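# Geometric and topological summary
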Amino acid sequence: HPEPLLSLGNAFSYEDLAAWHKRASNILGSSDFDLVCEPKIDGLAVALTYVDGLLVTGATRGDGYRGENITQNLKTIRSIPLSVPGEEAPPRFEVRGEVYMPREGFKKLNEERAREGLPLFANPRNAAAGSGRQLDSSITANRPLDIFVYGLGPAEGKPVPDTHWEIMQYLKSLGFKVNPNIALCHTIDEAEEYHQKWVEGRESWPYEADGMVVKVNSIAFQGELGAVAHEPRWAIAYKFPAVQGTTRLLD
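Since the model is a prediction, treat every value here as computed from it, not as a measurement.

Cut-offs and rules
- Residues numbered from 1 in each chain as written.
- Predicted model: local features only at pLDDT ≥ 70, side-chain atom pairs only at ≥ 80, totals over all residues.
- Heavy atoms only, no water.
- Helix = DSSP H or I, 4+ residues; strand = E, 2+ residues; numbered from the N terminus.
- Rg over C-alpha atoms; globule rule 2.2 N^0.38 Å.
- Contact = heavy atoms within 4.5 Å.
- Areas by Shrake-Rupley, 256 points an atom, 1.4 Å probe, with all protein chains shown as cover.
- Axes fitted to C-alpha atoms, helices over the stretch in contact; angles between N-to-C directions.
- Left-handed = near helix turned anticlockwise from the far one by under 90°.
- Nonpolar A, V, L, I, M, F, W, Y, C, P; charged D, E, K, R; others polar.
- Patch = residues over 30% accessible without salt bridge, like charges linked within 9 Å, V, L, I, M, F, W, Y side chains within 5 Å.
- Salt bridge = Lys/Arg side-chain N within 4 Å of Asp/Glu carboxyl O.
- Lys, Arg positive; Asp, Glu negative; His and termini not counted.
- Charge placed at Lys NZ, Arg CZ, Asp CG, Glu CD.
- Buried < 20%, exposed > 50% of the residue type's maximum accessible area, 1.4 Å probe, protein only.
- Phe/Tyr/Trp six-rings, centres within 6.5 Å; stacked < 30°, edge-to-face > 60°.

A few words on the overall build of the protein chain. The helix and strand tally for the protein chain stands at eight helices and 11 strands. Compactness check: the protein chain gives a C-alpha radius of gyration of 19 Å against a globular reference of 18 Å for 251 residues, within 12% of the reference. Along the longest, intermediate and shortest principal axes, the C-alpha atoms of the protein chain span 60 × 55 × 30 Å. Within the protein chain, contacts between residues separated by at least 24 positions form 75% of all contacts whose residues are at least 6 apart in sequence. Per element, the accessible surface of the protein chain, about 13100 Å² overall, is 50% carbon and sulfur.

So, in structure tokens, the structure goes:
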């Protein structure tokens, strides 16, 4: 990867989120900055590289520095554009996103596998990762995979917006699929309210998500904050409480 695909640190409570926000505020010398909240989809992180408007490479995250080339498989996913308007897009740029399997598609896939006597996938995340990394792209083509893009990687030859929120609208205008539940928040309390709103409401989503990713909106501020170890300082995964169930042992 020309720029590392880093994993995210986790926040499990408002206190954790506030501590992250305070650390960022201390580095920036101000707590007055916008945040963007996006559902944290459980799937396969990928980087898509476009040159002169055409998709040329699709890779997995791998260890963050070196991924696996799965271009042919990713080309079978209908929501990934094979080309974008050349006059509007940079001559060379990378888009980052999460390939996932919707709940309904996951259910049908496991029903088919059960009928064929094949082992079942444990969850949609495993199903998406396994489907995306098939050696035979015709198998991937028959799996109900989808994608949401969540960021722009390196872009050359053309200026791009200077906030994450505007970048997401820009990517949408180029034909990429952006999650409809992303929100621009002006304060940490707004981000907390948005997170709480979806703690209960997430079951209505047609995909699995285990939290909200909270990002500093300004790209300049993101650059100033940088990264520590394998995690960016400008983003955090604010997890939803674990789903609990009760089992009664009958025998």
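Still to come is the rest of the account.
The subject of this paragraph is the packing of helix 1 (residues 14–28) against helix 7 (residues 188–201). Where helix 1 contacts helix 7, the axes come no closer than 11 Å and their chain directions differ by 145°. As for how helix 1 packs across helix 7, the hand of that crossing is right-handed. Residue-level inspection shows Y14, L17, A18 and H21 of helix 1 in contact with helix 7, the latter providing I188, D189 and E192. When its residues are assigned to classes, the contact of helix 1 with helix 7 shows four nonpolar, one polar and two charged.

Next up on the list: a negative patch on the surface. Taken together, the side chains of E104, E111, E112 and E116 make up a negatively charged region of the molecular surface. When you line up the elements, E111 lands in helix 3 (residues 103–115). Under the relative-accessibility criterion, E111 is labelled partly exposed at 37%.

Another point: the packing of aromatic side chains. Evaluation of the coordinates by the stated rule reveals 11 aromatic pairs. Arranged with centres 5.5 Å apart and planes meeting at 75°, the rings of F148 and Y207 form a pair that is edge-to-face. Of this pair, F148 sits in strand 6 (residues 146–156) while Y207 is found in the loop between helix 7 and strand 8 (209–216), placing the two residues 59 residues apart along the sequence. Since its relative accessible area comes to 7%, F148 is described here as buried. The buried category is assigned to Y207, whose relative accessible area is 3%. Cluster of aromatic residues (ring-pair linked, three or more members): Y100, F148, Y194, W198, W205, Y207 and F240.

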